[in-house]
Amino acid sequence: MSEKMPRNVVSVDVEDYFHAEAFSDVVDRARWDCYTSRVEPNTRRLLDLLAALNVHATFFVLGWVAERFPTLVREIAAGGHELGCHSYWHRLIYNLDPAEFREDTQRAKSIIEQTAGQPVTGYRAPTYSVTDRSIWALDILTELGFTYDSSIFPIYHDRYGIPGAPRAPFRFQTPSGPMTEFPMTTFRLAGHNLPVGGGGYLRVLPRLYTRVGLKRVQKEGLPIVIYIHPWEVDPEQPRLPGRLSSRLRHYTNLSQTLERFQSVLQEGNYTSFRESGLADTAKDFDFYEWNQHKNG
Ligand SMILES: [Zn+2]
């Protein structure tokens, strides 16, 4: 890999298989402790791969997980990786009110910081749920001491997305101070933004789609942000009931994902948000103003 290659970011959303939004209608949060957790061994598979490739990543950890598995959090930190916050309860932000969001985020941030012994400055929303209905969350993140967020998907999707939002990192002012957004990666095809390189898109869509999509992003000179969940590299995970569409999406190609993830990492220069230096490249963009007026 050439030192001149643009820096890309690899991120891991650390949660268990029963935390996924796809099963939120059949898995009650009050019963999370009744499920057999697999997050430790699954996260260790990712840690081993990253160590073998000598790559640092950003791990956005669910507060619920950090509280129960402090050793795992310390292993992540000891590996030179960055710790970020993935909320405490994995609830969609637009279903919360600002007070609930503040309380959940503050709780998770404190647990992760105290366990890891390092400051947590980055946030990844559960199910990318920073949308038109929850833009206010970015102000609360700034107020709580976060300097960046990586939760906005500039696409149309039934659960998330802000179509038309910038595709490159941008910096903007919130009432509480400056915030940098690292949007989830998309490439342009026939006038549309198409998601590429992370989670279900990496796992379910053909390898050729990922390869072509990521090449197009690099050709544009944009940084890539890829992401993965520990449960995505666990073909043996217990099967949960749920909607057929959820099960299809969640269980497809689990046995191939680790290898797919590895080949993506080997084809680019990946690191954590912290070490990427990308925050310094973010362009100023009046995001609140744009969001308010984009619909005329
Ligand atoms: Zn998640």
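In the block above lies the structure referred to throughout.
For clarity, every value in this text was computed on a predicted model and none was experimentally measured.

### A look at the coordination of the zinc ion
Around the zinc ion, the protein supplies Glu15 (OE), His86 (NE2) and His90 (NE2) as donor atoms, at distances of 2.0 to 2.1 Å. Of note, the donors binding the zinc ion are all from one chain and are spaced E-x70-H-x3-H. One end of the pair, Glu15, is in the loop between β1 (7-14) and α1 (39-53); the other, His86, is in the loop between β3 (82-85) and α4 (98-116), and 71 residues separate them in sequence. Comparing Glu15 with His86, the two get one shared label, buried.

### Structural notes on the side chain of Asn8
When you line up the elements, Asn8 lands in strand β1. Judged by its relative accessible area of 0%, Asn8 falls in the buried class. Excluding residues that lie within four positions of it along the chain, Asn8 makes contacts with Gln218, Leu222, Pro223, Ile224, Gly268, Asn269, Tyr270 and Thr271.

### What about the side chain of Glu15?
Although Glu15 lies buried, it forms no salt bridge, and the closest oppositely charged side chain, Arg124, sits 8.9 Å away as judged by the N-O distance. A polar side-chain atom of Glu15 sits 2.9 Å from a polar atom in the side chain of His90. Among the polar contacts listed, one links the side chain of Glu15 to the side chain of Trp231, at a separation of 3.2 Å. Apart from the residues within four sequence positions on either side, Glu15 is in contact with Ala20, Val39, Leu62, Val65, His86, His90, His229, Pro230 and Trp231.

### As for the pairing of strand β8 (residues 186-189)
In the sheet, β8 pairs with strand β9 (residues 192-195) via four bridges, with the strands oriented antiparallel. The residue of β9 that forms the bridge with Thr186 is Pro195. Following β8, the chain reverses through two residues before pairing antiparallel with β9; Ala190 in that reversal takes a positive phi of roughly 50 degrees.

### Remarks on the packing of α1 against helix α9 (residues 257-266)
Between α1 and α9, the least distance of the axes is 11 Å, while the angle of their chain directions is 30 degrees. Considering their axes alone, α1 and α9 lie roughly parallel with respect to each other. Judged by the sense of rotation from one axis to the other, the crossing of α1 with α9 is right-handed. Facing α1, whose interface residues are Arg45, Leu46, Leu49, Leu50 and Leu53, α9 presents Leu258, Phe261, Gln262, Leu265 and Gln266. Taken together, the residues that form the contact of α1 with α9 break down as seven nonpolar, two polar and one charged.

### Observations regarding the pattern of salt bridges
Taken as a whole, this structure holds 15 salt bridges when the rule is applied. Across the pair Glu220 and Arg167 runs a salt bridge whose closest N-O atoms are separated by 2.8 Å. With a gap of 53 residues between them, Glu220 in the loop between α7 (207-219) and β10 (225-228) and Arg167 in the loop between β5 (148-149) and β6 (170-174) connect regions that are remote in the sequence. Using a relative accessible area of 17% as the deciding quantity, one classes Arg167 as buried. Here Arg207 and Glu259 are joined by a salt bridge, their closest N and O atoms 3.0 Å apart. Of this pair, Arg207 sits in helix α7 while Glu259 sits in helix α9, and the two are 52 residues apart along the sequence.

### A short note on the packing of aromatic side chains
Evaluation of the coordinates by the stated rule reveals 29 aromatic pairs. Their ring planes at 20 degrees and their centres at 5.0 Å tell us that Phe18 and Tyr35 sit as a pair that is stacked. Residue Phe18 is located in the loop between β1 and α1, and its partner Tyr35 is located in the loop between β1 and α1; the two are separated by 17 residues in the primary sequence. Ring centres of Tyr123 and Phe146 lie 5.8 Å apart, and the angle between their planes is 80 degrees; this geometry places the pair in the edge-to-face category. Within this pair, whereas Tyr123 is found in strand β4 (residues 122-123), its partner Phe146 is found in the loop between α5 (137-143) and β5, the two being separated by 23 residues in sequence. Take Tyr123 and Phe146: they sit in the same class, and that class is buried. Three or more aromatic residues joined by ring pairs make a cluster, and in this case those are Tyr17, Phe18, Trp32, Tyr35, Trp64, Tyr88 and Trp89. The ring centre of Phe146 lies 5.3 Å from the NZ or CZ of Lys109, which sits over that ring. Here the guanidinium or amino end of Arg239 rests over the ring plane of Tyr251, the centre of that ring lying 4.4 Å away.

About the cut-offs
Residues numbered from 1 in each chain as written. Predicted model: local features only at pLDDT ≥ 70, side-chain atom pairs only at ≥ 80, totals over all residues. Heavy atoms only, no water. Donors = N, O, S within 2.8 Å, 3.2 Å for Na, K, Ca; no water. Helix = DSSP H or I, 4+ residues; strand = E, 2+ residues; numbered from the N terminus. Buried < 20%, exposed > 50% of the residue type's maximum accessible area, 1.4 Å probe, protein only. Contact = heavy atoms within 4.5 Å. Lys, Arg positive; Asp, Glu negative; His and termini not counted. Salt bridge = Lys/Arg side-chain N within 4 Å of Asp/Glu carboxyl O. Polar contact = N/O pair within 3.5 Å; in protein donor to acceptor, adjacent residues only side chain to side chain. Pairing = 2+ DSSP bridges. Axes fitted to C-alpha atoms, helices over the stretch in contact; angles between N-to-C directions. Parallel < 35°, antiparallel > 145°, perpendicular 65-115°, else oblique. Left-handed = near helix turned anticlockwise from the far one by under 90°. Nonpolar A, V, L, I, M, F, W, Y, C, P; charged D, E, K, R; others polar. Phe/Tyr/Trp six-rings, centres within 6.5 Å; stacked < 30°, edge-to-face > 60°. Lys NZ or Arg CZ within 6 Å of the ring centre and 35° of its normal.

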